[in-house]
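# Results of the structural survey
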Amino acid sequence: MQIKKSIAVILPRGESIRNFVYSGIIDELRSNYHVILIAVKPNDTIWHILSTKSDELAELKTPVFSYLFRLFFEIYDLAHNRFMWSEAAKVRWKMRDVESKTFSGKFTRMLKKGLATFLANQPSLKALEKFDSYLGKKEKCVQPWVKFFQSTKPDIVFNTSHSHARNAVPCIYAAQKLNIKTFTFLFSWDNLTSQGRVVPRYDHYLSWNNKIKEDFNRMYPHISKSSVVVTGTPQFIGHYQHEKHLTDEEVKKQLGLEPKEQYFVYSSGMSHHMPFEPYVVGRIADIIRKLGPQYRLVVRTYAKDRYDVFDKLKSERPDIIIPDVQWEKQYQTPLWEDQVFFSSLLKHCVAGINVASTISLELCMFDKPAVNVGYNPPGKNIFPYNYTRFYSFDHYKPIVESGAVQVANDEKEMEHYLKEAIEYPGKFSRERKQLINDFFEGRQGLDVVPHFVKAINQLSS
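Report on the accompanying structure. Everything quoted here is computed from the prediction, not taken from an experiment.

### Describing the packing of helix H4 (residues 67–84) against helix H6 (residues 103–118)
Remark: H4 packs on H6, axes separated minimally by 8 Å, with the N-to-C direction vectors making an angle of 60 degrees. Classed by the angle they form, the pair H4 and H6 counts as oblique. At the point where H4 passes H6, the crossing takes the right-handed sense. Across the interface between the two elements, Leu 71, Glu 74, Ile 75, Leu 78, Ala 79 and Arg 82 from H4 touch Arg 109, Lys 112, Leu 115, Ala 116 and Thr 117 from H6. Among the residues making up the contact of H4 with H6, the classes are represented as six nonpolar, one polar and four charged.

Next comes the structure, spelled out in structure tokens:
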């Protein structure tokens, strides 16, 4: 009898649970591997689900890093940001400047930027990568995971989110100390060009598509191109599980709509990036009311933002529907019920509206018109913020250029595009389908599961 290989899968954030557990990828891996899940614990219900999906389960808690290591990493990350210098990186750099309010804060920020600018070159970044590994492996929070892996003996350690997941880092350093193969998933399509450096270094990287792979190879030329494998992303599998979706009637019942009413979906963003967004939404709702009494606006609030951002609008504008988003607040974890409702919400809407969001891609999956807000809140001074800057970001610019989404440069254009979505819903259908086909390269929906598992099997052999 052949002994199964063992894989330790790290779920360091709530969205990783959605992407890899709800999607069925962990189930598929378990048919080939002894699966050890190392996960955050959002609540007892989700923890029970994880226990049924694994052969072994361990809780991933927030690590405590030394001050020296945290300071080093901040400089290292700033140096990468300055070297990358994408449009998103420039905005990130500027926003951190704005957040430094006091004299001492501004002075410290200036010193850190100066050092980071000096180090913003390939030779320095390569040296910093090695020093990061040296320092990281000496952190006290790494040793318990060394003991854990010595006990469980995984052949592979797979981090399902390379970004926003510093709690996974001690596991990777521990695996490296024990010469265990390490994999990571390049979590989002914008993170490479808008967020920090991919740290620590891994043996293999799994990518959404070839464009992301090319971006990675360009930013990290010292890492072998063959170590990056295109697998697709499990993030959107729920959109293709049509048998689980709610009917139009069921969605409207949950929203409190009459059967004859139709709705547009506005998807909000992070409030600290988009000041006065509720004000913008209120004005869009006024535009929609002009299109006919049967049209309503539903606001899908950003689950990772503050929970009170839209409270005032909700109380003052009963004509705007703002349902609660069914995420567990701990570790910002999507619940299964939300996956079903959100997919159904997009499936039955007239059109979607947002500010340069991933949801534009999701609307295209359902062949729904996607309209982007390409103007700042009318009559409001939001300097140094700017809604229009997002459309020049490296990851989003090709989406606009594809013609699959329409960017409204003012409220007059917004009214035009929303009216067009009612009268000619299929006008940009060809562009939407082409974008999804080009972007995901045939690896989308349920097809992602075999692609993903096959890639891991091949890389682990």
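Right, picking up where we left off after that structure.
### As for the sheet that holds strand E7 (residues 228–230)
Judged by pairing direction, the sheet is parallel, and its seven strands sit side by side in the order E3-E2-E1-E4-E5-E6-E7 without closing on themselves. A single partner strand is all that each edge strand has here, and the edge strands are strand E3 (56–59) and E7. Neighbouring strand axes in the sheet, compared pairwise and without regard to direction, differ in orientation by 20 degrees on average. Relative to strand E5 (residues 181–185), strand E4 (residues 156–159) is paired through four bridges, and the arrangement is parallel.

### Side note on the side chain of His 162
For His 162, the position within the fold is in the loop between E4 and helix H9 (169–177). Looking at His 162, its side chain comes within polar contact range of the main-chain nitrogen of Phe 187, at 3.0 Å. If sequence neighbours within four positions are ignored, His 162 has contacts with Thr 184, Phe 185, Leu 186, Phe 187, Asn 191 and Val 198.

### Details of the sheet that holds strand E10 (residues 320–321)
In spatial order, the strands read E10-E9-E8-E13-E14-E15; together these six strands make up an open sheet with parallel pairing. The two strands at the open ends of the sheet, each matched to only one other strand, are E10 and strand E15 (406–408).

### Here we look at helix H12 (residues 248–255)
Within H12, the full set of buried residues consists of Val 251, Lys 252 and Leu 255. For H12, the buried positions fall inside an angular range of 95 degrees around the axis, keeping them on one side. Facing away from the buried side of H12 by over 90 degrees, the exposed positions are Glu 249 and Lys 253. Each element contacted by the buried residues of H12 is listed here: strand E8 (262–267), strand E9 (295–300), E10 and helix H15 (336–347). Immediately beyond the C-terminal end of H12, within one or two residues, lies Gly 256, with a positive phi of roughly 80 degrees.

### Topic: the environment of Glu 420
On the secondary structure map, Glu 420 appears in helix H18 (residues 411–423). Placed 69 residues apart in sequence, Glu 420 and Ala 351 show a C-alpha to C-alpha distance of 10.0 Å. Residues within four places of Glu 420 in sequence aside, it is in contact with Pro 425, Lys 427 and Phe 428.

### Re the pattern of salt bridges
Two side chains with opposite charge may pair up if their charged atoms get near one another. Tallied over the full model, the rule gives 26 salt bridges. Note that Arg 218 and Asp 215 form a salt bridge whose closest N and O atoms lie 3.1 Å from each other. Of this pair, Arg 218 and Asp 215 both sit in helix H11 (residues 210–219), separated by three residues, roughly a single helical turn. Across the pair Glu 420 and Lys 427 runs a salt bridge, and its minimum N-O distance is 2.6 Å.

### Considering the packing of helix H1 (residues 14–22) against helix H3 (residues 44–52)
Geometrically, a packed helix pair is captured by the angle between its two axes and the distance between the axes. Contact pair H1 / H3: the axes reach a minimum separation of 12 Å and the direction vectors enclose 35 degrees. In the crossing of H1 with H3, the sense of the turn from one axis to the other is left-handed. Between H1 and H3, the residues in contact are Ile 17, Val 21 and Tyr 22 and Ile 46, Ile 49 and Leu 50, respectively. Residue composition of the contact of H1 with H3, by class: six nonpolar, no polar and no charged.

Conventions adopted
Residues numbered from 1 in each chain as written. Predicted model: local features only at pLDDT ≥ 70, side-chain atom pairs only at ≥ 80, totals over all residues. Heavy atoms only, no water. Axes fitted to C-alpha atoms, helices over the stretch in contact; angles between N-to-C directions. Helix = DSSP H or I, 4+ residues; strand = E, 2+ residues; numbered from the N terminus. Parallel < 35°, antiparallel > 145°, perpendicular 65-115°, else oblique. Left-handed = near helix turned anticlockwise from the far one by under 90°. Contact = heavy atoms within 4.5 Å. Nonpolar A, V, L, I, M, F, W, Y, C, P; charged D, E, K, R; others polar. Pairing = 2+ DSSP bridges. Polar contact = N/O pair within 3.5 Å; in protein donor to acceptor, adjacent residues only side chain to side chain. Buried < 20%, exposed > 50% of the residue type's maximum accessible area, 1.4 Å probe, protein only. Arc of directions from axis to C-beta. Salt bridge = Lys/Arg side-chain N within 4 Å of Asp/Glu carboxyl O.

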